[in-house]
Amino acid sequence: MTADPAPVADPLDQPVIAAAAAAEQTMRADLMRLVGQEAAVVAAAPAGAGKSHFVATTVGQLRAAGLRVALAAPTNDQVQSLVERVKQLHPDLPVAFVHAHGRELPPDIAALPGVTQPAAADAQRRQDPLVIATIDKLADAFLRNDLGGFDVLVIDEAYQADAARYYTAAAVAPTHLLVGDTGQLDPFSPLDDATYWRGGPEDPLQTAVGVLLRNHPGTPVHQIPITWRLEPRAVPVARCFYPGHEFSAAVRPGVRELRLTRPGPGSQPLAPIDAALDRAARHGWAHVTLPGAPVLTADPATAVFIRELVHRLLARSAQVTCENRPHLTSLEASQIAVGVSHNDQKDLLRAFLDSYGLSAVRVDTANRLQGLTFEVVVAWHPLAGATLTDAFHLDPGRLCVLLTRHRQACIVVGRDTDRTLLEGVPPATPGFLGWDPDPILDGWDAHEGVFRLLEPHVIQA
C-alpha cells in the first residue's frame, strides 16, 4: 500500500501570498482614486495568478462603493466564467448578463440567485448596477444607444482583446480597469496585411492594453507577483515569457507530488517513456527528443509516442497530492491534457488516444487551452521537426500557454534538432517606427531560455 506523503505544516508560502494581496490592494486603491476621471489602471498577471478572483473581488468592492460597473471579456466562455466567479464570491450581488442572440448562460449558472439575462435596453432602463457582457456585445449595445452611463469598465483578459474592440466599448464608462496575462497569445486577426497600421498610435491590432499605454503612457501598470497554478519548479521556465515581471509560486516546494508505481512484471520495456515519466514525477519537467528529421506538421511518429506516453502514465497508477488534497488520489484521465499548435495535430492525436480508450484526455491547441488548468500536460513542441523558424511557431505566447497549464508536471515532446534552429544569428525582421514588440525575436529569446532550462531534463527517445 502506498503511504501518503508526510504532512506539511503550512503548504502555502505566506510571504508570497501577503505580497500579492498587498499589490492587489494597491491596484484597487489606485482605481478607486481615479473613479470619475477619464483614466485607467492596468493589472498585469502571470499564468495562474488568480485573475478572475481578483476581478470578482474588485467588482464587489466597486459595487460596495455604490458604483455602476460594466464587466467584459473577449469571449462568451470567459464571460460566463466571470458570472459564475462573481456569484461565488458575492452570492447576494445582482448580476445582469447581456448576451448576443442564442448565447444564453448554461442552465446551472442562469439558475443562480440574482442572475438575470435582460436585453441591453432593459438593463439600461432598469439601471442594472452590474452588467456582464462580451466586449463586442457591450460595444454593440452602446453604439445602438441601448447601454451606457457606467462608472467603471472592467475588462478581463485585456491582452487577448484587440484595440479595435476596445475603441468601440471604451466610452461606456470614464474609468477603466484592464486585467490580463501578458504572456498569452495575442489577439487573432484574419487580416492578411496586419503590418499596414504597425507603429501608428491607433493601430487596431494592438492589444487593448497596448493601445491604452501607447496613447496614455502615464497609466499606472501594476504586476500581480504570484502564481497559484504553477509550483516552484515550474516558475523559472514560466519567467522566460514574462521579462521584467517578478513572481513566485503560492505553494511551497515539495507540497505537490506526482507518484508513479513501478512497471509491473512482464510489462513491455518502454525505457524512454518510463524515463520521461520518472523524471517528470521527480523534477516536474521532462523534455523528450525524438531523432532529428524533417517531418509533417501532423507527424504520426510523434503522435504515437505521445499516445504511448499518456497510456503508460495511467497504466503506472499515477497518484497526486497537493495543498488541497493532502492524501494521495488517483490521477484521472480528465486531469491530463495534450497541447499542440495545429488542428491537424489535434485531430490525429484525438483519433490515436480514442483508439486506446483515452477519450477523457483533453487534446487541444494552445489557443483553446488558454486559461485552463490540468495536473499533467504533454506539450507537442511548436518547433518539433521544423526545418525553418517563422513567426507562428516562434510565437512566445503559444509556447507560454503550452508550458504553463500544469500543476504537477509538464512533458515536452520534440526532436533533437529543434534547438539547432536557434543557433547562430537571429533572422532579420521588419522594423516599424514606434513599434517595439517583435514576435519573432521575442519568441527566439523565449525559446532559447526554455531550451536552456530544460537541458537537464532531456530524455533521448
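Note that this is a predicted model, so its numbers are computed, not measured. (Residues numbered from 1 in each chain as written. Predicted model: local features only at pLDDT ≥ 70, side-chain atom pairs only at ≥ 80, totals over all residues. Heavy atoms only, no water.)

A. Summary view of the pairing of strand 6 (residues 152-155). What you see with strand 6 is no split at all: Val152 and Val154 on one side and Leu153 and Ile155 on the other are buried throughout. The sheet contact formed by strand 2 (residues 69-73) and strand 6 spans four bridges and is parallel. When the bridges of strand 6 are listed, Ala72 appears paired with Ile155. Bridge analysis of strand 6 against strand 7 (residues 175-181) gives four bridges, and the strand direction is parallel. Across the sheet, the residue bridging to Ile155 is Leu178, located in strand 7. Taken together, strand 6, helix 7 (residues 163-169) and strand 7 form a β-α-β motif whose crossover is right-handed. (Buried < 20%, exposed > 50% of the residue type's maximum accessible area, 1.4 Å probe, protein only. Helix = DSSP H or I, 4+ residues; strand = E, 2+ residues; numbered from the N terminus. Pairing = 2+ DSSP bridges. Right-handed = clockwise from strand over helix to strand, strands pointing away.)

B. Seen up close, the sheet that holds strand 4 (residues 115-116). Spatially, the eight strands line up as an open sheet ordered 4-3-5-2-6-7-1-8, and their pairing is parallel. Strands at the two margins of the open sheet, each flanked by one partner only, are strand 4 and strand 8 (221-223). Contacts from helix 2 (residues 51-64) reach strand 1 (39-45), strand 2, strand 5 (130-134), strand 6 and strand 7, with the element oriented near 165° to strand 7. Taken strand by strand, helix 6 (residues 135-143) contacts strand 2, strand 5 and strand 6, and its axis lies near 110° from that of strand 5. (Contact = heavy atoms within 4.5 Å. Axes fitted to C-alpha atoms, helices over the stretch in contact; angles between N-to-C directions.)

C. Representation of unusual backbone geometry. Of note in this structure, Gln127 is not a glycine but carries a positive phi near 55°. On the secondary structure map, Gln127 appears in the loop between helix 5 (120-125) and strand 5. Gln127 gets classed as partly exposed once you look at its relative accessible area, which sits at 41%. The residue Glu157 is not glycine, and still its phi comes out positive at about 55°. Checked against the element boundaries, Glu157 lands in the loop between strand 6 and helix 7.

D. Structural context of the environment of Ala208. Structurally, Ala208 is set in helix 8 (residues 208-215). When the C-alpha atoms of Ala208 and Ala164 are compared, they prove to be 7.9 Å apart, with 44 residues separating the residues in sequence. Setting aside residues up to four positions removed in sequence, Ala208 forms contacts with Ala158, Ala161, Asp162, Ala163, Tyr166 and Leu178.

E. Molecular detail of the pattern of salt bridges. In this structure the tally under the stated criterion is 24 salt bridges. For Asp278, the salt bridge is made with Arg316, and the minimal N-O distance between the two is 2.8 Å. On the criterion of sequence distance, the pair formed by Asp278 in helix 10 (residues 271-283) and Arg316 in the loop between helix 11 (300-315) and strand 13 (319-321) is long-range, its members being 38 residues apart. Exposure remark for Arg316: the relative accessible area of 5% places this residue in the buried category. When the shortest N-O distance is used, the salt bridge between Glu455 and Arg419 registers 3.2 Å. With Glu455 in the loop between helix 16 (439-454) and strand 19 (458-460) and Arg419 in the loop between strand 18 (406-415) and helix 16, this pair connects stretches of sequence that are 36 residues apart. One salt-bridge network, in which partners are shared between bridges, spans Arg256, Glu323, Arg325, Glu375 and Arg407. (Salt bridge = Lys/Arg side-chain N within 4 Å of Asp/Glu carboxyl O.)

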